[in-house]
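Secondary and tertiary structure notes
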Amino acid sequence: MINTDLLIIGAGPTGLFAVFEAGLLKIKCHIIDALPQPGGQLAELYPKKPIFDIPGYPSVLAGELVDNLMEQIKQFEPGFTLAETATTLNKLEDGTFEVITNKGTIHRAKAVAIAGGLGTFEPRKPLIDNIADYEEKGVEYFVKNPEHFRDKNIVIAGGGDSALDWSIFLSNVAKSVTLIHRRNEFRGALDSVEKVQELKNAGEINLITPAEVIGLKGDGHIEAITVDKEGEVYDLATDYFIPLFGLTPKLGDIANWGLEIEKNAIVVNNALDYQTNIEGVYAIGDVNTYPGKLKLILCGFHEATLMCQSVYNRMNPGRKYVLKYTTVSGVDGFDGTRKEAEKAVVKKID
């Protein structure tokens, strides 16, 4: 049995920042996440890709942002239940909550914040009969570590931003990069399309369009793909095949908790505290929806901040919390540390 004040479901950037805001209010947190490490999509899908819209950071790698958030919350000593999925939610008679995972771990909390991003997600897989035989044997749906592909021949399939961006990035890492798309036109950022065109002209990317990958070959590991280019079918040798056709998000078991759902997202009260239709259960970050919703990390940070204020009021009815700037009050960690600005020096000027 794990007992905590605030149980956060989802260890992405929004969930991690919620730990910091809760810590300022002396609220103890525990986090559940289906992935084996904190960070959510930032750690699982694109840890080496830069993010450009985090305040104060002209550019920060996704993995670096996760590392910074983990360092920021370390002083508040959150607990983690990783590689487990929250499956059931029960509201108890005393108003607290019980959440049980797929592995039977029981959590008790005074409030629950769902920060599950897009929920559980699966890659959209191309319709190739034997593709499952080569998964993790040359077929990769995510680029977790670009160094894994150093000096290898790789084929990327897709026509969106991910396919374009990774083709550009890996052209400086892999021995060869081939980009295949079923159309001549790409749906992505204009500068990315233009960069791929430059790399193709320079002979650094092999572009095959319009074409599709219709087969995979290899003994124990992929050795070649079968390409259909407007009726011309041929094999192309490769070490890795990376189909990047996007993700299919699913709320999973959370959809069965009695929450108000709209278009695979949880409806919340954004006028107040991002609470759901179940009192004491909140939803923050990409998993929620409300009029004017923007799925940005910085918006999730804002939602986490207001949510924690509401949780404080729920835990301390009738007790008024006076907000103090951290520049003035400093930060007292649960681990006994204290961070504060240097004291002003009082000195007479002659």
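In this report, we go over the structure that sits alongside the text.

Turning to a negative patch on the surface, a few remarks are in order. Side chains of D161, D191, E194 and E198 sit close together on the surface and give a patch of like negative charge. It is helix α5 (residues 190-201) that provides the largest number of residues to the negative patch, a total of 3 residues. Checked against the element boundaries, D161 lands in helix α4 (residues 161-170). With a relative accessible area of 39%, D161 lands in the partly exposed category.

Contact geometry of helix α1 (residues 13-24) with helix α6 (residues 297-315) gives a least axis separation of 8 Å together with a crossing angle of 35°. The element α1 and its partner α6 pack so that their crossing is right-handed. Where α1 abuts α6, its residues P13, T14, F17, A18, E21 and A22 lie against I297, G300, F301, A304, T305, M307 and C308. Residues of the contact of α1 with α6, tallied by class, amount to 9 nonpolar, 3 polar and 1 charged.

It is worth spelling out the pattern of salt bridges at this point. Opposite charge on two side chains permits pairing when their charged atoms draw close. With the rule as written, the count across this model stands at 12 salt bridges. Two residues, R150 and E147, come together in a salt bridge whose shortest N-O distance is 2.8 Å. Judged by its relative accessible area of 44%, E147 falls in the partly exposed class.

On the surface, L294, L296 and L298 cluster together to form a nonpolar patch covering roughly 230 Å² of accessible area. Relative to the elements of secondary structure, L294 occurs in the loop between β21 (288-289) and α6.

What follows is about helix α3 (residues 62-73). Residues that lie three or four places apart on an α-helix share one face, since the helix turns once every 3.6 residues. Compared with an ideal rise of 1.5 Å per residue, which puts 12 residues at 16 Å, α3 spans 17 Å between its outermost C-alpha atoms and is within 8% of the ideal. What α3 keeps buried is the set A62, G63, L65, V66, L69 and I73. Projection of α3 onto a plane perpendicular to its axis shows the buried side chains occupying an angular sector of 160°, all on one side. Structurally, α3 contributes buried residues whose contacts are with α1, α2 (40-44), β3 (50-51), β4 (60-61), β5 (79-82) and α6.

So, about the packing of aromatic side chains. Applying the stated criterion across every chain, the model contains 7 aromatic pairs. For the pair Y274 and Y290, a centre-to-centre distance of 5.6 Å together with 55° between the ring planes defines the contact as tilted. Taken together, the residues Y274 in the loop between β19 (265-267) and β20 (281-283) and Y290 in the loop between β21 and α6 connect sequence positions 16 residues apart. Pair check on accessibility: Y274 and Y290 agree, each one buried. A network of ring pairs unites the aromatic residues F17, F20, F76, F301 and F334 as a single cluster.

Okay, the nonpolar core next. In terms of nonpolar packing, the biggest core is built from 58 residues, with L6, I8, V112, I114 and M307 touching the most fellow members. For this core, the leading source of residues is α6, giving 7 residues. In this structure L6 touches A22, I27, K28, C29, H30, A109, A111, V112, A113, M307, C308 and V311, once residues within four positions along its chain are discounted. One finds A174, F186, I205 and Y240 within the second-largest nonpolar core, a separate group that totals 20 residues.

Each value, and the rule that gives it
Residues numbered from 1 in each chain as written. Predicted model: local features only at pLDDT ≥ 70, side-chain atom pairs only at ≥ 80, totals over all residues. Heavy atoms only, no water. Patch = residues over 30% accessible without salt bridge, like charges linked within 9 Å, V, L, I, M, F, W, Y side chains within 5 Å. Areas by Shrake-Rupley, 256 points an atom, 1.4 Å probe, with all protein chains shown as cover. Salt bridge = Lys/Arg side-chain N within 4 Å of Asp/Glu carboxyl O. Lys, Arg positive; Asp, Glu negative; His and termini not counted. Charge placed at Lys NZ, Arg CZ, Asp CG, Glu CD. Helix = DSSP H or I, 4+ residues; strand = E, 2+ residues; numbered from the N terminus. Buried < 20%, exposed > 50% of the residue type's maximum accessible area, 1.4 Å probe, protein only. Axes fitted to C-alpha atoms, helices over the stretch in contact; angles between N-to-C directions. Left-handed = near helix turned anticlockwise from the far one by under 90°. Contact = heavy atoms within 4.5 Å. Nonpolar A, V, L, I, M, F, W, Y, C, P; charged D, E, K, R; others polar. Expected span 1.5 Å × (residues − 1). Arc of directions from axis to C-beta. Phe/Tyr/Trp six-rings, centres within 6.5 Å; stacked < 30°, edge-to-face > 60°. Core = buried A, V, L, I, M, F, W, Y, C linked by side-chain atoms within 4.5 Å.

Read these as layout, nothing more, since geometry by itself doesn't imply function.
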